[in-house]
Amino acid sequence: IVIVGDGFQDRHIADSTYSRVMNQTMENLFSEEPFKSLKAYFDIYAVTAISKHNNFGEGYETALSTVPDQQTMGIKMDTKSVMNYVKKVDEIDSLNTLAVVILNTNIRRGVTYMFYDKDQNPPLNYAIALCPVIDSLKSEMFRSVLVHEAVGHGFAKLADEYVRSTEGSATEREIKWLKEYHDDDRLLNVDSESDPTKTLWSRFVSDPEYANEELGAYEGGWTYYTGIYRPSKESMMRSNNAPFNAPSRRAIYNRVMLLAKREKPSYEDFVAFDREHKPTVWSYESRTRQSEGERWHPAPPRIIWRTW
């Protein structure tokens, strides 16, 4: 994982603001299970990027040219500049790196770019997750949106489990795409199957060990109101205000084992690990809940259909 900031000037380096942001970012990334208990498998680097301005948009210059997008709630950037900073880490395998870009602003935004080429072997794992220091450095919003973007989308290649008012029902073409993603072990936390016993996560549904998570097939996900189903009522990939559900935790665990040990764990392997490392707080209601007026969702991830 390579963390780099944008919109930080030399004064922010000199007064240690940059280092504090980098350290808090790392803490936030590994604050949610199962990522928290898998930290030892990762190499984490912080790269210093000095910007001319600490404002974003027309007329301002920053190291990575990030620009918050008002319409999509996403963030635009210069992908080549991000890759250049990733490559400043000696001997890094840049195409198998998660780049985490932190914007020096407290606005509410968040988006992840997942680079994808289904014909590449081994699969392309490069992703760029972008997140401002939302509200403040120690805020829950900054932590949870960062986890949603960087861990959920960027690393585990999970789909959003929320819906958007602009989307209706998933089309046959989109369902076909979804199945192709599933073949490459991506977006494994949503399905077009409405029968819980036939979903990708059917074993969890029938496993008494996961009864308290109330897993099933809940309509609405991948931003669509109908035609797509998610495993749980709430989750990190739906509300940003709940833990990762069991299918998402398995996707995270499996990807770590695949990349670190070149092993694809069995269901039993994951359950044995998960039994010791489940989230200590599962209930959505038991966490500090945002008021309805404050609830929002970052932009859906953007999947780039090409190699770097």
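Everything below is about the structure printed above this text.
Novice: Please give an account of the overall build of the protein that cites residues and values.
Specialist: If you tally the helices and strands in the protein, you get eight helices and 10 strands. Taken over the C-alpha atoms alone, the protein extends approximately 55 × 45 × 40 Å along its principal axes. For the protein, with 308 residues in total, the buried portion stands at 54%. For the protein, the share of sequence-separated contacts (at least 6 apart) that also reach a separation of at least 24 residues comes to 71%. Approximately 14,000 Å² of the protein is accessible, and the part contributed by carbon and sulfur atoms is 46%. Between the centroid of the 38 positive side chains of the protein and the centroid of its 45 negative side chains there is a distance of 2 Å.

Novice: Summarise the nonpolar core; cite the residues concerned and give the values.
Specialist: Membership of the largest hydrophobic core comes to 72 residues, with the highest contact counts inside it found for I1, L29, V82, V100, Y126, I128 and L130. Counting residues per element, this core draws most heavily on helix α4 (residues 140-155), which supplies eight residues. Apart from residues no more than four positions distant in its own chain, L29 is found in contact with I1, I3, F35, V100, L146, A150 and V151. Judged by nonpolar contacts, the second largest core, of 11 residues, contains Y116, A159, Y181 and I228.

Novice: Would you mind going over the pairing of strand β6 (residues 111-115) in detail, with residue names and values included?
Specialist: In terms of burial, β6 is largely enclosed, as five of its five residues are buried. In β6, alternate side chains face the same way, and those of V111, Y113 and F115 on one face and T112 and M114 on the other are all buried. The pairing of β6 with strand β7 (residues 127-132) spans four bridges and is antiparallel. In the sheet register, V111 faces β7, and the bridge partner there is L130. Alignment of β6 against strand β10 (residues 302-304), held across three bridges, turns out to be parallel. Bridge pairing in β10 links Y113 to R302.

The rules behind each value
- Residues numbered from 1 in each chain as written.
- Predicted model: local features only at pLDDT ≥ 70, side-chain atom pairs only at ≥ 80, totals over all residues.
- Heavy atoms only, no water.
- Helix = DSSP H or I, 4+ residues; strand = E, 2+ residues; numbered from the N terminus.
- Buried < 20%, exposed > 50% of the residue type's maximum accessible area, 1.4 Å probe, protein only.
- Contact = heavy atoms within 4.5 Å.
- Areas by Shrake-Rupley, 256 points an atom, 1.4 Å probe, with all protein chains shown as cover.
- Lys, Arg positive; Asp, Glu negative; His and termini not counted.
- Charge placed at Lys NZ, Arg CZ, Asp CG, Glu CD.
- Core = buried A, V, L, I, M, F, W, Y, C linked by side-chain atoms within 4.5 Å.
- Pairing = 2+ DSSP bridges.

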